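Commentary on secondary and tertiary structure
As a plain string of letters, each chain reads:
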Amino acid sequence: MNITNLSKIALSALMRNKFRAFLTMLGIIIGVASVIAMLAIGEGSKKSIQQQISSMGSNLVMVMPGSQMMGGVQQGNASSKALETRDVTAIREACPSITAVSPEVRGGGQVVAGGNNWPTTFYGGDVNYLDIKKVEVKAGRMFTEQEVNAAAKVCLIGQTVADNLFGTEVDPVGQTIRFRNIPVKVIGLLEEKGENTFGMDQDDLLIGPYTTVQKRILAITHINAILSSAVSEEATTQAVTEITAAMRASHRQAEGEEDDFQIRTQAELVSTFSSISDILTTLLGAISAISLLVGGIGIMNIMYVSVTERTREIGLRMSTGGRGRDILMQFLIESVMLSVIGGIFGIVLGVVASSVIGNLTGWPIAVMPEAVALSFVVCTAIGIFFGWYPARKAANLNPIDALRFE
Amino acid sequence: MKKEIISIHQLRKDFHVGEVTVHALRSVDLSIREGDFVAIMGTSGSGKSTMLNILGCLDKPTSGSYLLDGTDVSNLSKNELARLRNLKLGFVFQSYNLLPRTSALENVELPLFYNNSVKPRERRERAMAALGAVGLADRVHHMPNQLSGGQQQRVAIARSLVNDPVVILADEATGNLDTRTSYEIMALFQDLNAKGKTIVFVTHEPEIAGFTTRNVHFRDGSIVKQHAVENPGSAREMLTTLPVETD
């Protein structure tokens, strides 16, 4: 008996009990659909995190202060004053894999304009700071090199700060605001970036020359971080090596001494946060996989019922020349058909459900082709696995007993 | 002398039920030739069902030899037995054993599905021919539940014929039917026999056995009597003697 004939027999057997076949498939349909939808949601959240992180800057490589020994006392990273502007110069001169480098200085405080005030953070950078951080100027202009050299009291204002200080009526460009009681002139308005993945408002900030923030506002000599752009994503690793060497040279660190700074790249951030989202995806996937398993057990159950119900049919098939193998294959094909047809419906439902969820919630949903392919393979495997025992039971029936079964 | 289709020699069959051994068949010798219409008779427990199972290659004898159309059945594997059943045997059961919700035509096609050398088109043609031979050419697409008992049994007979077997084994084939329908079915068997089909018919009704050409009586696992039927009755003639149905 060939596969075509067996498939015809299996199909006609399923068609004899359409509703029952549909109900049995339903378990698989729901299982596959939920696996696909859950993985799509998980993958979507991962993609959104990746987008958010890459919007933080172009091939960003950040140097941050590391732990330092001060008189035999180990200091925390954040309190470190390890970075200075000469480190920026050293990196600029020694690193060919870097296109742009800028110091970053930041300080929080209350900003006041007229009768309004608002707590925000004042970031200081060099003239290329906006390019590195991928921020655009919406109105007005960026500060110039002369203004950096002169530590001019000018700044660009984020949309959130502008809204809170001036409302929507007044143009903030040209106004003077006071940050920590120091008057600063607003020369530009920044393009909105919205919230990042971690719920931080990226528009709640002021940006000015680092010299201004460092000397006039915070009155410090160190800088908080060094931001740089690698020439390409692939060059990031090379850039890290170069920056490490330049920094160690600049800090005159001896061989074997631990770095007194840390380097973070976008790729690292992506992988850190992706791994969180991977755990989420795995969890969601595992929960849906359980429903798929339950669907498989449903198939096994109905196949057992079917074998018992059709004992006489099996006896008849054996008496007309069906071998045990033919009977086994017939029932196996039946259960595989149930699970695979169910799987196909489930894939369709899963894709539809994913896009519906995506539209309703606004989450970025990405249906993974791998998930679809995997579901299909898993369905076939479920059909074979859960169909095997009932089919074996059928194939091992004694034709004499089967024919006389009441 | 016609060709010997079934040749059984010193055949025994024992069943082990717990610690007790039941001798279902004890040293049976039986020979059936081409064109025979044999009735196997006996009360329940006489061994006639066991005999039919062995004749039908559904069961193997404990000892002794069984040659079916020249093939020694005793040493065949399960799969070889299945193939033998497919090619050389046709079964007709008391309770028809048709597949429910499956048309008469598809029911008749069933044995051909297990014969790889038969192509789909030939399968359909042969099934149509077999249904025509049992007088159901106009009922091919009916489901079993749309057919009367007699018509269902005709479908079953068509199914047993479709593979052109060397012998048809009927197990109480008229047991579920009324007198008139029984006669109709026996008339069909007689027609088939007249065309040269070899038929083995298990029954406990002497009247039905009277339509065959030879009777073999079983008792306690042995053949106690076998004789040719002199002037077997014609089922078709018997039909005319039945009172005309009034409804």
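Since we're looking at a predicted model, the values are computed, not measured. (Residues numbered from 1 in each chain as written. Chains lettered and ligands numbered in written order. Predicted model: local features only at pLDDT ≥ 70, side-chain atom pairs only at ≥ 80, totals over all residues. Heavy atoms only, no water.)

**Some thoughts on unusual backbone geometry**
All names here are of chain B.
- At Asn97, a residue that is not glycine, the phi angle is positive and equals roughly 55 degrees.
- Relative to the helices and strands, Asn97 resides in the loop between strand S6 (89-92) and helix H3 (104-113).
- Of note in the backbone geometry, Arg101 takes a positive phi value of approximately 50 degrees without being a glycine.
- Looking at where Arg101 falls in the secondary structure, it is placed in the loop between S6 and H3. (Helix = DSSP H or I, 4+ residues; strand = E, 2+ residues; numbered from the N terminus.)

**Considerations on the domain arrangement of chain A**
- Once the domains are mapped, chain A shows domain 1 (3-52 + 272-403) and domain 2 (83-259).
- Using only C-alpha atoms to locate each centre, domain 1 of chain A and domain 2 of chain A end up separated by 56 Å. (Domains from an automatic or database assignment.)

**Side note on the interface of chain A and chain B**
- At the interface, 25 residues of chain A touch 23 residues of chain B.
- Regarding the contact of chain A and chain B, the summed buried area is about 2,300 Å², with carbon and sulfur atoms giving 53% of it.
- Per-residue buried area on chain A facing chain B is highest for A:Arg16, A:Leu316 and A:Thr320; these three make up 25% of the total on that side.
- On the surface where chain A and chain B come into contact, there are 1 salt bridge.
- Between A:Arg404 and B:Asp171 there is a salt bridge; the shortest N-O distance is 3.4 Å.
- Remark: the boundary between chain A and chain B carries 8 residue pairs in polar contact (both at pLDDT 80 or more).
- For the side of chain A that touches chain B, the secondary-structure elements that each account for two or more residues are helix H1 (3-16), helix H10 (311-319), helix H11 (324-361) and helix H13 (399-403) of chain A.
- Counting residues per element, the side of chain A that touches chain B draws most heavily on H10(A), at 6 residues.
- Across the side of chain A that touches chain B, the residue classes break down as 8 nonpolar, 9 polar and 8 charged. (Contact = heavy atoms within 4.5 Å. Buried area = accessible area lost by both parts, 1.4 Å probe. Salt bridge = Lys/Arg side-chain N within 4 Å of Asp/Glu carboxyl O. Polar contact = N/O pair within 3.5 Å; in protein donor to acceptor, adjacent residues only side chain to side chain. Nonpolar A, V, L, I, M, F, W, Y, C, P; charged D, E, K, R; others polar.)

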